[in-house]
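Report on the structure
Next come the chains, spelled out residue by residue.
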Amino acid sequence: MLRVILIFGALCGCIYALDNGLARTPPMGWMAWERFRCNIDCKNDPKNCISEQLFMDMADRMVEDGYRDAGYEYVNIDDCWSSKQRDAQGRLQADPDRFPNGIKALADYVHKRGLKLGTYGDYGNLTCGGYPGSLGHLEIDAQTFADWGIDMFKMDGCYADPKTMDKGYPQMTKYLNQTGRPILFSCSWPDYQRASGIDVNYKLIAENCNMWRNYDDIQDSWDSVLGIIDYYAKEQDTLAPVQGPGSFNDPDMIIVGDFGLSYEQAKAQIAMWTIFAAPMLMSNDLRTIRPEFRELLLNKEVIAINQDPSGHFGKRVLQDGNIEAWTRNITLGSYATVILNRGTDGSPRNVTTTGAKLGFHTWIYMVVDVFEDKRVGQFDSDMEFSVLVNPSSAVLLYSYPCS
Ligand SMILES: *[C@@H]1O[C@H](CO)[C@@H](O)[C@H](O)[C@H]1NC(C)=O
Ligand SMILES: *[C@@H]1O[C@H](CO)[C@@H](O)[C@H](O)[C@H]1NC(C)=O
Ligand SMILES: *[C@@H]1O[C@H](CO)[C@@H](O)[C@H](O)[C@H]1NC(C)=O
Ligand SMILES: *[C@@H]1O[C@H](CO)[C@@H](O)[C@H](O)[C@H]1NC(C)=O
């Protein structure tokens, strides 16, 4: 039922969006950084170092364990992949020991499996990990990525002057476009400007980037997840209007299946990223992930809501102590709602609310608890209904109008 409803629904275009045909819905895939960092010690830790083998392993898992078929598409390299030197023609080159076959061969490997390859660079003199940056090399780097068959490029902002980013990032947009290869462009631009107290021009950013990081890097903890949620709540009136098909706010990677989040907290991260219509880039070890986390990541109904074609950014509509409610408009007058319980007092909270309080139109709705895969019931917007929300967890509701 849910999927049938989500398939219809008019595409609502965002006037600012970058016009490269990509990221019409939030990008989905896997990214190395949060889980594997800058581990370059392939001698002592060959299974976990940043190497072509790591990305081939993850591509294999994505295909064989159902992630690709669920919509996860991009396999993304992050920092520490390159050689410390450019080649004789001034081009970036992969570290020869860790990527003996080069990035082009890795792209071929990934493409053969129906996936896409992303890579990482930096707008400044150096990447955050100290590898060559793209300042003064934007054009040749864009061309190199296109020649290799790269499908997504994340441009970080270390060792750069944030004041120059309003000029520099759009230059890269232009160079990527001139290659003729559609390359999804992920920008760290607003995050660096925010951190240095510059007013962020989100209109310009949405015109030039398919997605952008606004806030601190995610770390492997519930505190980090809550910190990002709080920042998004504080800025929701700024962030909501600039998001839509082609351009998405990026609260950073999904850390489900790592060390820091319990099962209940993992549900909450996925539910909140669904409310944000956020990119779903997992950073975890798909070779060893526990089955219950894999099941969460593969939940078809959750993915369908995250990928709803409207791309709207949801907002916090209620806050009462440890309980908050977030609502996102999705197509055909339906809503996704998260009831988040930040409490730690051990017992589930019985939260009673109404559609009207959650921001629904005046109508009768069927309310579905998505993780539990069960109907809460049918309610007109002034009728109270109750859900039990576990501590440090969330309930994701999908409510559609009854005809
Ligand atoms: C980048 O490096 C050049 C040459 O060393 C230096 O002049 C410039 O200030 C550096 N830029 C930044 C933003 O660090
Ligand atoms: C380049 O930009 C033009 C105009 O915005 C757009 O139509 C075209 O699809 C873009 N091409 C690529 C490869 O991004
Ligand atoms: C949902 O859309 C309605 C009508 O456009 C708007 O008034 C409301 O603020 C939106 N709700 C959220 C949470 O964005
Ligand atoms: C939750 O509260 C509602 C409204 O007071 C009540 O009808 C319902 O029985 C309660 N559920 C539980 C499990 O306590």
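Residues numbered from 1 in each chain as written. Chains lettered and ligands numbered in written order. Predicted model: local features only at pLDDT ≥ 70, side-chain atom pairs only at ≥ 80, totals over all residues. Heavy atoms only, no water.

Some points on the sheet that holds strand β1 (residues 28–31)
If you trace the eight strands from one edge of the open sheet to the other, you get β7-β6-β5-β4-β3-β2-β1-β8, paired in parallel fashion. If you trace the sheet from one side to the other, it starts and ends with β7 (248–250) and β8 (280–282), each paired once. Across the sheet, the mean angle from the axis of one strand to that of its neighbour is 25°, orientation sign disregarded. (Pairing = 2+ DSSP bridges. Helix = DSSP H or I, 4+ residues; strand = E, 2+ residues; numbered from the N terminus. Axes fitted to C-alpha atoms, helices over the stretch in contact; angles between N-to-C directions.)

So, the side chain of S134
Within the element layout of this structure, S134 appears in the loop between β3 (116–122) and α6 (138–148). Residue classification places S134 among the buried residues on the basis of a relative accessible area of 1%. Filtering out sequence-adjacent residues up to four positions away, S134 remains in contact with R86, D122, Y123, G124 and D141. (Buried < 20%, exposed > 50% of the residue type's maximum accessible area, 1.4 Å probe, protein only. Contact = heavy atoms within 4.5 Å.)

A look at the site of ligand 2
Around ligand 2, the neighbouring residues are D19, N20, N177, G180, R181 and P182. Between ligand 2 and the protein, one listed contact pairs an oxygen atom with a side-chain N or O atom of D19 at 3.3 Å. Contacts to ligand 2 include N177, whose side-chain N or O atom sits 2.3 Å from an oxygen atom. The fraction of the free accessible surface of ligand 2 (360 Å²) that becomes covered by protein chains is 54%. Its residues assigned to classes, the shell around ligand 2 comprises one nonpolar, three polar and two charged. (Near = heavy atom within 4 Å. Polar contact = N/O pair within 3.5 Å; in protein donor to acceptor, adjacent residues only side chain to side chain. Areas by Shrake-Rupley, 256 points an atom, 1.4 Å probe, with all protein chains shown as cover. Nonpolar A, V, L, I, M, F, W, Y, C, P; charged D, E, K, R; others polar.)

Looking at unusual backbone geometry
Positive phi outside glycine occurs at Y159, with the angle close to 50°. Within the fold, Y159 resides in the loop between β4 (152–156) and α7 (165–178). Despite not being glycine, D373 has its phi angle at roughly 55°, a positive value. Locating D373 in the fold gives a position in the loop between β13 (364–369) and β14 (374–380). Of the residues examined, D373 reaches a relative accessible area of 61% and is grouped as exposed.

So, the UniProt feature "domain: Alpha galactosidase A C-terminal" (unreviewed entry) in the chain
Within this numbering scheme, the UniProt entry marks residues 311–392 as carrying the feature "domain: Alpha galactosidase A C-terminal" (unreviewed entry). Secondary structure content for residues 311–392 is 0% helix and 55% strand, while the C-alpha to C-alpha distance between its ends is 26 Å. (UniProt positions renumbered as here; feature names shortened; annotations may be inferred.)

Description of the domain arrangement of the chain
Assigned domains within the chain: domain 1 (28–307) and domain 2 (315–401). Each of domain 1 and domain 2 was reduced to a C-alpha centroid, and the two centroids are 31 Å apart. Both faces considered, domain 1 and domain 2 share a buried interface measuring about 2,000 Å² in area, 68% of it formed by carbon and sulfur atoms. Per-residue buried area on domain 1 facing domain 2 is highest for Q236, I275 and I305; these three make up 29% of the total on that side. At the boundary of domain 1 and domain 2, one finds two salt bridges. Counting the contacts that link domain 1 with domain 2 gives eight residue pairs in polar contact (both at pLDDT 80 or more). Contributions of two or more residues to the side of domain 1 that touches domain 2 are made by α10 (222–234), α11 (236–242), α12 (263–275) and α14 (300–306). Among the elements that line the side of domain 1 that touches domain 2, the one with the most residues is α12, at nine residues. Residue composition of the side of domain 1 that touches domain 2, grouped by class: 16 nonpolar, five polar and five charged. (Domains from an automatic or database assignment. Buried area = accessible area lost by both parts, 1.4 Å probe. Salt bridge = Lys/Arg side-chain N within 4 Å of Asp/Glu carboxyl O.)

What to know about the site of ligand 1
Close to ligand 1 lie N125, Y159, A160 and D161, which account for all nearby residues. One of the side-chain nitrogen or oxygen atoms of N125 is found 2.4 Å away from an oxygen atom of ligand 1. In the complex, the protein chains occlude 31% of the 360 Å² of accessible area that ligand 1 would expose alone.

A few points about the state of the cysteines
This model, assessed by the stated rule, comprises four disulfides. Through a disulfide, C38 is tied to C80; the S-S separation comes to 2.0 Å. Between C38 and C80, the S-S torsion sits near -110°, and that sign places the bridge as left-handed. In this pair, C38 sits in the loop between α2 (33–36) and α3 (52–64) while C80 sits in the loop between β2 (74–76) and α5 (102–112), placing the two residues 42 residues apart along the sequence. Owing to a relative accessible area of 30%, C38 belongs among the partly exposed residues under this scheme. The class for C80 is buried, based on a relative accessible area of 1%. Note that C187 is cross-linked by a disulfide to C209, the S-S spacing being 2.1 Å. Handedness of the C187-C209 disulfide follows from its S-S torsion of about -95°: it is left-handed. With C187 in strand β5 (residues 184–187) and C209 in the loop between α9 (202–208) and β6 (211–213), this residue pair connects regions lying 22 residues apart in the sequence. Summarising the burial analysis for this pair, C187 and C209 share the class buried. (Disulfide = S-S within 2.5 Å.)

Some details on the pattern of salt bridges
Counting across every chain of the model gives 26 salt bridges. Put simply, D87 and R91 hold a salt bridge, and the shortest N to O gap is 3.0 Å. Two residues, D216 and R194, come together in a salt bridge whose shortest N-O distance is 3.0 Å. Placement of D216 in the loop between β6 and α10 and of R194 in helix α8 (residues 189–195) is noted, with a sequence separation of 22 residues between them. A relative accessible area of 39% places D216 in the partly exposed class.

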